[in-house]
Amino acid sequence: MVILPLAYLPSVEYFTYLKQGNCTIDLGEHFIKRSERNRARILAPDGVMDLTVHVCKANRPRTPMREMRLDYSKRWQHQHWGALTASYKASPYFDHYAELLEPFYQHEYHFLVDYNWALLETLCNQLGIAIPNFSESYIDATEEDLDLRPKQKEGSAFVAEPYVQVFSDRLPFTPNLSIVDLLFAEGPAASAVLAQSLRGK
């Protein structure tokens, strides 16, 4: 079994595991700041950009993910949608997916878990991936499990199948960004790119 955290606009690697199946998302874990739980990486005109969802009391240790409330004191939704639009409006499939994603930057959710889960369901549906299992209580990983909950280090061993990114004329291919980078670039073919990455694992 692959154990995953519930992430914000998860990475290509994350969705490769979801496509493979036998994944469980742990909703019973504790929040880890500066992790994929509230941070995504996209490709901006000047290179990689982090998008961070603001949450209340992010520095409080051992806070259950279920209790993390979203903080709207700063206009992060407006900033994120502005960054996504500025970065990807010229990509082939931005307009195709924009109407599905834009509401997530207009409506307020109370909890990070609810926000991330609704986004995940939308993305899975577009990629033809089954909604993964989830656990409300913390999962004790066994030796046979692949536990991806610990904070991921830079330089993942994951090898992504290359595709033509929006700024390919000026920037080298940047692997393992948010799944939206792949969706905006490849559209319905994104699932095939995930399958290629899966075969390369």
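Above this text is the structure in question.
Reading guide: rules and limits
Residues numbered from 1 in each chain as written. Predicted model: local features only at pLDDT ≥ 70, side-chain atom pairs only at ≥ 80, totals over all residues. Heavy atoms only, no water. Helix = DSSP H or I, 4+ residues; strand = E, 2+ residues; numbered from the N terminus. Rg over C-alpha atoms; globule rule 2.2 N^0.38 Å. Buried < 20%, exposed > 50% of the residue type's maximum accessible area, 1.4 Å probe, protein only. Contact = heavy atoms within 4.5 Å. Areas by Shrake-Rupley, 256 points an atom, 1.4 Å probe, with all protein chains shown as cover. Lys, Arg positive; Asp, Glu negative; His and termini not counted. Charge placed at Lys NZ, Arg CZ, Asp CG, Glu CD. Pairing = 2+ DSSP bridges. Phe/Tyr/Trp six-rings, centres within 6.5 Å; stacked < 30°, edge-to-face > 60°. Axes fitted to C-alpha atoms, helices over the stretch in contact; angles between N-to-C directions. Left-handed = near helix turned anticlockwise from the far one by under 90°. Core = buried A, V, L, I, M, F, W, Y, C linked by side-chain atoms within 4.5 Å.

This part takes up the overall build of the protein. Across its full length, the protein carries six helices and six strands. Its helices and strands taken in sequence order, the protein reads β-α-β-β-β-α-α-α-β-β-α-α from the N to the C terminus. In summary, the protein has a C-alpha radius of gyration of 16 Å against a globular reference of 17 Å for 201 residues, a match within 12%. Buried residues in the protein amount to 48% of all 201 residues. Of all intrachain contacts in the protein linking residues separated by at least 6 positions in sequence, the fraction that spans at least 24 positions is 69%. For the protein, the computed accessible surface area is about 10200 Å², with 50% contributed by carbon and sulfur atoms. Positive and negative side-chain charges in the protein, numbering 20 and 25 respectively, have mean positions lying 7 Å apart.

Bridge count between strand β3 (residues 39-44) and strand β4 (residues 47-52): six bridges; the pairing is antiparallel. Note on β4: the bridge partner recorded for L43 is V48. Taking the residues that link successive antiparallel strands as the turn, the β3-β4 hairpin has two residues.

This part is about the packing of aromatic side chains. Across all of its chains, the model carries 13 aromatic pairs by this definition. Aromatic side chains Y14 and F15 sit 6.0 Å apart centroid to centroid with 55 degrees between the ring planes, which places their arrangement in the tilted category. By relative accessible area, Y14 is classed as buried at 5%. Overall, the relative accessible area of 0% leaves F15 in the buried class. With 6.2 Å between their ring centres and 70 degrees between their planes, F104 and Y115 make a pair best called edge-to-face.

Following both chains from N to C, one finds helix α3 (residues 94-101) and helix α4 (residues 112-127) inclined at 145 degrees, their axes separated by 11 Å at the closest point. In terms of crossing hand, the pair formed by α3 and α4 is right-handed. Contacts between α3 and α4 involve Y97, L100 and L101 on the former and, on the latter, L119, T122, L123 and Q126.

Counting residues in each nonpolar core, the largest one holds 61 residues, and the members touching the most others are Y8, F15, L18, Y115, L120, I179 and V180. The dominant element in this core, judged by the number of residues it contributes, is α4, at ten residues. Among all residues touching V180, those that are not within four sequence positions of it are L9, I42, L84, L101 and L123.

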